[in-house]
Amino acid sequence: HGEQIKRILILDLDVHQGNGNAVLFRDNPDVFTFSMHCAGNYFSEKQKSDLDIELPVNCDNATYIATLKYWLKLIFQFNTKSPEGSSDDTFD
């Protein structure tokens, strides 16, 4: 699928920062790492992902979903062109 896959997006969505993915793919321009995690819950040294978003401790579901939608929409707008006839409201 090499000719069909242009770039890979790794979404690391849990309470801890995605340090493993950040380290594994830090020098790979074909992989974009996105980590959304709690600002106050780290068990090891943080690594730099391509995009790290910290959420407040005790973040509620509405904030979590709104933040995720916001960043995914920006990521996809920046990295893709909408196919002909598709809508730009994928994450609305």
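It should be emphasised that the depicted structure is a prediction, and the values quoted were computed from it without experimental measurement.

Peer 1: Can you help me understand the environment of arginine 7 in this one?
Peer 2: Tracing the sequence through the fold places arginine 7 in the segment before strand E1 (8–13). Along the sequence, arginine 7 and asparagine 28 sit 21 residues apart, while their C-alpha atoms lie 10.0 Å from each other. Within the structure, the side chain of arginine 7 is placed 3.0 Å from the backbone oxygen of proline 29, a separation counted as a polar contact.

Peer 1: Looking at this structure, I do not really get the pairing of E1. What am I missing?
Peer 2: Consecutive residues of a regular strand have side chains that alternate between opposite faces of the sheet. Note: E1 against strand E2 (residues 31–38), six bridges, orientation parallel. In the strand pairing of E2, isoleucine 8 is matched with valine 31. Remark: the E1/helix H1 (residues 19–25)/E2 crossover connection has right-handed handedness.

Peer 1: Teacher, can you tell me more about the sheet that holds E2 here?
Peer 2: Think of a sheet as strands paired side by side through backbone hydrogen bonds, with each pair either parallel or antiparallel. If you trace the three strands from one edge of the open sheet to the other, you get E1-E2-E3, paired in parallel fashion. Both edges of this open sheet fall to E1 and strand E3 (51–55), since each of them pairs with a single strand only. Strand after strand, the sheet turns through a mean of 10° between neighbouring axes, direction not considered.

Rules and cut-offs
Residues numbered from 1 in each chain as written. Predicted model: local features only at pLDDT ≥ 70, side-chain atom pairs only at ≥ 80, totals over all residues. Heavy atoms only, no water. Helix = DSSP H or I, 4+ residues; strand = E, 2+ residues; numbered from the N terminus. Polar contact = N/O pair within 3.5 Å; in protein donor to acceptor, adjacent residues only side chain to side chain. Pairing = 2+ DSSP bridges. Right-handed = clockwise from strand over helix to strand, strands pointing away. Axes fitted to C-alpha atoms, helices over the stretch in contact; angles between N-to-C directions.

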